[in-house]
Amino acid sequence: MSLRKSTSAWRKRIVAEHALAIEKAVTVDEQNALTLDDLGWERVERGQWLEVAQSYDPGASLAEELCVRLVGDTAVSSGLRLDWEGLLRPLQDAVSAGTSEDVSLELSGFSKGSSVLHFRAVKRGPVDLMTDQGPAVQETPLAAPARRFIDFVDAVEHERDVRMYSKSPMLGGVERLSDELSRLDLVADFRFYARSGDVRGAKLTSRGMDYVKALHESDETTDTIPVSGRITELRESGHAKVKQGVTRNSPAYDVHFDAQTLTAMRLVLGQSVNWQVAVISTKDKLDRVQSTRYEFRRVLSNTDQLELELPAAARSIRTQRDDVLRPGSD
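Residues numbered from 1 in each chain as written. Predicted model: local features only at pLDDT ≥ 70, side-chain atom pairs only at ≥ 80, totals over all residues. Heavy atoms only, no water.

Caption draft 1: Quick look at the side chain of Arg-147. Within the secondary structure, Arg-147 is located in helix α5 (residues 143–157). Those residues in contact with Arg-147 that lie beyond four places of it in its chain are Glu-139, Phe-192, Ala-194, Ser-196, Asp-198 and Arg-200. (Helix = DSSP H or I, 4+ residues; strand = E, 2+ residues; numbered from the N terminus. Contact = heavy atoms within 4.5 Å.)

Caption draft 2: Spotlight on the packing of aromatic side chains. Scanning the entire structure with this criterion turns up six aromatic pairs. For the pair Phe-152 and Tyr-165, a centre-to-centre distance of 4.7 Å together with 70° between the ring planes defines the contact as edge-to-face. Taken together, the residues span a long stretch of sequence, with Phe-152 in helix α5 and Tyr-165 in the loop between α5 and α6 (169–184) at a distance of 13 residues. Grouping residues by exposure puts Phe-152 and Tyr-165 together as buried. On the basis of an interplanar angle of 80° and a centroid distance of 5.4 Å, the ring pair of Trp-275 and Phe-296 is categorised as edge-to-face. With Trp-275 in strand β11 (residues 272–284) and Phe-296 in strand β12 (residues 289–299), this pair connects stretches of sequence that are 21 residues apart. (Phe/Tyr/Trp six-rings, centres within 6.5 Å; stacked < 30°, edge-to-face > 60°. Buried < 20%, exposed > 50% of the residue type's maximum accessible area, 1.4 Å probe, protein only.)

Caption draft 3: Layout of the nonpolar core. Within the largest apolar cluster, 41 residues are counted, with the highest numbers of intra-cluster contacts made by Leu-91, Phe-149, Val-162, Leu-181 and Phe-190. Only β1 (65–71), α4 (85–96), β3 (115–121), α5, α6, β6 (187–193), β7 (199–204) and α7 (206–214) provide two or more residues apiece to this core. Here the element with the most residues in this core is α5; it accounts for eight residues. Residues in contact with Val-162, not counting those within four places in the same chain, are Phe-152, Ala-155, Val-156, Tyr-211, Leu-215 and Leu-286. (Core = buried A, V, L, I, M, F, W, Y, C linked by side-chain atoms within 4.5 Å.)

Caption draft 4: A look at the sheet that holds β12. Spatial strand order, β8-β9-β10-β12-β11: five strands in a closed barrel with mixed pairing. Pairwise comparison of adjacent strand axes, ignoring direction, gives a mean angle of 45° for this sheet. In terms of strand pairing, strand β8 (residues 218–235) meets β11 through 13 bridges, oriented antiparallel. Looking across to β11, one finds that Ile-225 is bridged to Val-277. (Pairing = 2+ DSSP bridges. Axes fitted to C-alpha atoms, helices over the stretch in contact; angles between N-to-C directions.)

Right, dumping it as C-alpha cells:
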C-alpha cells in the first residue's frame, strides 16, 4: 500500500514539474494538426513509416509513383477507355521536359475512385538524395522532373506568373494535357510519392485550364523607330524592303505601305531612304512575340534626324556643365 502511494506521489511530482512543457507540447501538436492538409498528413504518415523502416534497415526507402486521379462523369467506369490514351503522351512530354535523364513512364496500376492511374519510371536506377538528418535516400531519375511538373501545374491552377516556363517543353505538354482534359470534361489531381517520404500534389481544374488558354491571348503594342538604308525590294502590293548596312547579316525591314502612297513616292531599287516606321508587335501573356509588322509613317528630314540626336547631345552638355559647376569649383 505504501508502495502504491509513493509511486502515485512520484508521478504527481513529475507531472507537476513538467506540466508547462507538456502543455506547450500538446498545444504545438494541436496547432500543427489544425494547419495540416491532406498532403501534410500523407507526408507525416509516410515519414513515420520510413523512420520506422530505417530503424531496422538504414537503406530502406518507400515506393515511388506518380498518381493521377481523373474526376468527372466520363471517369466513372470499371475500365480505361481508349480515348483516354490521349492523356498519356502529353503527360509523358510534360514530365520529361527539361531533363536529359530517361524518365519514360509506364502505367503500373489502375484503381477506382473515380479513376486513378499509377505511373512509375521505366528505368528505376537509383540516385542518392542527400539528407541533413539520417541516411541518404535513393530516388529514381523521375523524382526531380516530377516535382517540377507538380510545381508548374500548381502555378497554373492558381494563376501565378509562369513566364519563366515560356521556353520549356513542359509548357506544350501541359497545354495539350489541358486541352484533352477539357475535351473529356475531366479534372485531374496529380500526386507524386517519393522514396524519401515526400509527397507533392497539384490539381488541374477548369480554373487552371482556362488560365492555360488565356496565356495565348495577345496584346498589341505600337512604337516608332527610324529606319534608314537602301531599298532592296519593291512590291506593288505595298511592300518595300530596306536593308541597313552592306554586309549579308545586316538587318532588313519589310515596311508596309498603302499602295497609293508607295506609287506616289516613286521609289527605285538601291535608293537610300530615311523613314519613321511604326513597329506593331503582338505578344501573348508569356511575352512571346506572335507577330511583328512595320508600317511606314513619314519621311524623316535632316531636321528630324537632328531632333532625334539632340536629346542625347543635350544630356551630354548638361553633364559637362554640372561637372564644371559642381559645388566647390572655382
